[in-house]
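Architecture at a glance
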Amino acid sequence: MRVLVVEDERNLADAIARGLRKRGMAVDVAYDGDAGHEAAFVTRYDVVILDRDLPGVHGDRICADLAASGALTRVLMLTASVTVADRVEGLQLGADDYLAKPFAFDELVARVQALGRRATPAAPPVLEVADLVLDPARRVVSRGGVPLDLTNKEFGVLAELLKARGAVVSSEELLERVWDANTDPFTTIVRVTVMTLRKKLGDPPLIDTVVGAGYRIGGVRQ
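Residues numbered from 1 in each chain as written. Predicted model: local features only at pLDDT ≥ 70, side-chain atom pairs only at ≥ 80, totals over all residues. Heavy atoms only, no water.

What follows covers the nonpolar core. In this structure, L132, L134, V157, L158, L162 and I207 are the most contacted members of the largest nonpolar core, which totals 25 residues. Listing elements by their share of this core, those giving two or more residues are β6 (127-129), β7 (132-135), α6 (152-163), α7 (171-178), α8 (189-201) and β11 (214-217). The leading source of residues in this core is α6, at 6 residues. Beyond its immediate stretch of four places on either side in the chain, L162 contacts L127, V129, L132, L134 and I217. Judged by nonpolar contacts, the second largest core, of 18 residues, contains I16, I49, F103 and V112. (Core = buried A, V, L, I, M, F, W, Y, C linked by side-chain atoms within 4.5 Å. Buried < 20%, exposed > 50% of the residue type's maximum accessible area, 1.4 Å probe, protein only. Helix = DSSP H or I, 4+ residues; strand = E, 2+ residues; numbered from the N terminus. Contact = heavy atoms within 4.5 Å.)

Here you go:
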């Protein structure tokens, strides 16, 4: 899942980003409204965590512009205000959810995960092919009933390939969906991650390389 945090309180923004990354999400951070507005329309995010009172472009405008664009991006609006009128106003602007500061981090994670599921086409709660089973909610993977120990990036790549249901997924798409904006676009990290993932998945091989196009999971029944 790709997430953008737009929050001018740097310590809070960085803490949110660190926590979400530990949960396996790819997270970018913008510390003001100008940078947040630009980032939200340059990259396709599943969820934008948006502080309402931002310097530069106000959070209300970012929210309204995203809603008007028709993007599938879901907006979780953060604010120090707790009045019903403010919550209603934020939702009417196009926010999908609203969370008052201070908040419990576990609640933030749960809300982001719920919004992320609404930002992408519906997928089965558990992804399976052959004897491989991946449970996104519990973040567990097994093959032939044997649990596999995957890194966050390996898990993310495998989830994206399984969600594609046998379609080819390019390295560029994997880089965009699993890594954040700080990753060098010319890196070989996708190829290396797929290589280590193949080793952990074992035989018979499940990931096919389509030369010049990307990767796909073989043996998927359409």
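Read across the open sheet, the 5 strands follow the order β2-β1-β3-β4-β5; overall the sheet is parallel. Pairing within the sheet leaves two strands with one partner each, and these edge strands are β2 (26-30) and β5 (97-100). Geometrically, the sheet is characterised by an average inter-axis angle of 20° between neighbouring strands, direction not taken into account. Across 4 bridges, strand β1 (residues 2-6) lies against strand β3 (residues 47-51) in parallel orientation. Bridged to L4 within β3 is V48. In this fold helix α1 (residues 10-22) packs onto β1, β2, β3 and β4 (74-79), with an angle of close to 170° to the strand it touches most, β2. (Pairing = 2+ DSSP bridges. Axes fitted to C-alpha atoms, helices over the stretch in contact; angles between N-to-C directions.)

Moving on to unusual backbone geometry. The peptide bond linking K101 to P102 adopts the cis configuration, its omega dihedral lying at -10°. By the element assignment, P102 lies in the loop between β5 and α5 (105-119). With phi around 55°, R139 is a residue other than glycine that occupies positive phi space. For R139, the location among the structural elements is in the loop between β7 and β8 (140-143).

Right, let's talk about the pattern of salt bridges for a bit. Inspection of the entire model under this criterion finds 18 salt bridges. For K101, the salt bridge identified is with E9, shortest N-O distance 3.4 Å. With K101 in the loop between β5 and α5 and E9 in the loop between β1 and α1, this residue pair connects regions lying 92 residues apart in the sequence. Judged by its relative accessible area of 44%, E9 falls in the partly exposed class. Among the salt bridges present, the one from E154 reaches K200, with a minimum N-O distance of 2.8 Å. Taken together, the residues span a long stretch of sequence, with E154 in helix α6 and K200 in helix α8 at a distance of 46 residues. You can call E154 buried: its relative accessible area is 5%. Shared partners join several salt bridges into a network, and the residues in it are E7, E9, D51 and K101. (Salt bridge = Lys/Arg side-chain N within 4 Å of Asp/Glu carboxyl O.)

Any link to function would need more than the numbers given here.
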